[in-house]
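Next come the chains, spelled out residue by residue.
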Amino acid sequence: LRHVVSLSGGLSSAVAASRVIHRYGKEATTLWFADTLWEDEDLYRFLEDLEKWFGMTIVHQAKGITPLQVAENNHIIPCNFMALCSKELKQWECKKLLKGFEKPVTLHLGLDWTEEHRTIAPKSAYEQIKGVIVDFPLLWIPFEPWDYDKVVESWGIKIPRLYKLGFSHNNCGGRCVRQGAKEWVRLYRTFPERYREVAKWEREHTKGRSILESRKGGVEKPLFLDELEMTQGEYKLDMLGVVEDHYACLCSY
Ligand code: SF4
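Bear in mind the structure is a predicted one, so any value in this text is a computation, not a measurement.

(A) Structural detail: the environment of I76. Among the secondary structure elements, I76 is positioned in the loop between α3 (67-74) and α4 (84-99). In this structure I76 comes out as buried when scored by relative accessible area, which is 17%. A sequence separation of 118 residues divides I76 from R194, and the C-alpha atoms of the two residues are 20 Å apart. The contact partners of I76, leaving out residues within four places of it in the chain, are A71, M82, L84 and W201.

Right under this line is the structure:
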């Protein structure tokens, strides 16, 4: 029986991988990473450190386009409700990978008890492929007793720098199209060049529509990133948290 762990470049999937290797052994385990080609440089350092720690090679798979190119090809405005990049660059690539394995095969995802409500969708989606089972190693009893950053540090590995910089994830270099205003402001303050790249793209490609929406005074209207840049000085980050800032993008739905 083959066990595939989907690594996102974040802490939780790294800890999930460790649990799978511990339970099933290296021989039976495949570590897999879907590259959006829009990642933070330090994510690759983290994956290399994991390879050394686990004594295994991580399989990298990339469709060859970035999330913005996915949006262009599909003529959509990428946002929390329309994140085709997550589907095309991660979920579909993962399905391709799973179809190539002899069955049965188990796909392990790094969702934990805080995200248990998210486990239903990937389970039903991937288990449509005959012989595929989806499992969640972070839900195995006993639960991991420490914070994941402490677990990873206990391996002698530095946690990905985006966490140290305050980001809640290590996806797409902090510029996830699903995130809310709070994380965009964080991106602007940390990596202004990344922010401006997306802001420029937004003006050039979305024909008057925007990635973010303003809901000021209960009225919904487009909020362009260059407009948010002009007003971001008015905000403290803790004023801006919205539901979109609490999301997951691995190869889950
Ligand atoms: S992290 Fe965000 S931008 Fe990147 S692939 Fe996932 S949904 Fe798209």
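(B) Fine view of the sheet that holds strand β1 (residues 2-7). Here we have five strands laid out as an open sheet, ordered β3-β2-β1-β4-β5, and parallel in their pairing. Two strands bound the open sheet, and with one partner strand each, they are β3 (58-62) and β5 (132-135). The mean angle between the axes of side-by-side strands here comes to 30°, regardless of whether they run parallel or antiparallel. For strand β2 (residues 29-35) and β3, the ladder comprises five bridges, and the chain directions are parallel. Across the sheet, A34 pairs through a bridge with Q61, a residue of β3.

(C) Inspection of the environment of K87 at higher detail. Position of K87 among the secondary structure elements: in helix α4. Considering only alpha carbons, one finds K87 and V70, 17 residues apart in sequence, at a separation of 9.9 Å.

(D) Representation of unusual backbone geometry. Residue P104 is reached from K103 by a cis peptide bond, and omega for that bond is 0°. Put simply, I141 and P142 share a cis peptide bond, and its omega is 0°. Among the secondary structure elements, P142 is positioned in the loop between β5 and α6 (148-154). The backbone phi angle of H75 is positive, close to 55°, even though this residue is not glycine. Here H75 lies in the loop between α3 and α4.

(E) Representation of the packing of aromatic side chains. For the structure on display, the rule yields six aromatic pairs. Between W53 and W155, the ring centres sit 5.8 Å apart and the planes meet at 15°, which makes this aromatic pair stacked. Pair noted here: W53 is in helix α2 (residues 41-54) and W155 is in the loop between α6 and α7 (161-164), with a separation of 102 residues, a long-range link. Judged by relative accessible area, which is 43%, W53 ranks as partly exposed. Here W155 falls in the buried class, since its relative accessible area comes to 12%. Look at F54 and W155: their rings are 5.7 Å apart centre to centre, the planes differ by 65°, and that puts the pair in the edge-to-face class. Here F54 is found in helix α2, whereas its partner W155 is found in the loop between α6 and α7, with 101 residues between them in sequence. Residue F54 shares its accessibility class with W155, and that shared class is buried. Taken together, W53, F54 and W155 form an aromatic cluster joined through their ring pairs. The ring centre of W140 lies 3.7 Å from the NZ or CZ of R23, which sits over that ring.

The rules behind each value
Residues numbered from 1 in each chain as written. Predicted model: local features only at pLDDT ≥ 70, side-chain atom pairs only at ≥ 80, totals over all residues. Heavy atoms only, no water. Helix = DSSP H or I, 4+ residues; strand = E, 2+ residues; numbered from the N terminus. Buried < 20%, exposed > 50% of the residue type's maximum accessible area, 1.4 Å probe, protein only. Contact = heavy atoms within 4.5 Å. Pairing = 2+ DSSP bridges. Axes fitted to C-alpha atoms, helices over the stretch in contact; angles between N-to-C directions. Phe/Tyr/Trp six-rings, centres within 6.5 Å; stacked < 30°, edge-to-face > 60°. Lys NZ or Arg CZ within 6 Å of the ring centre and 35° of its normal.

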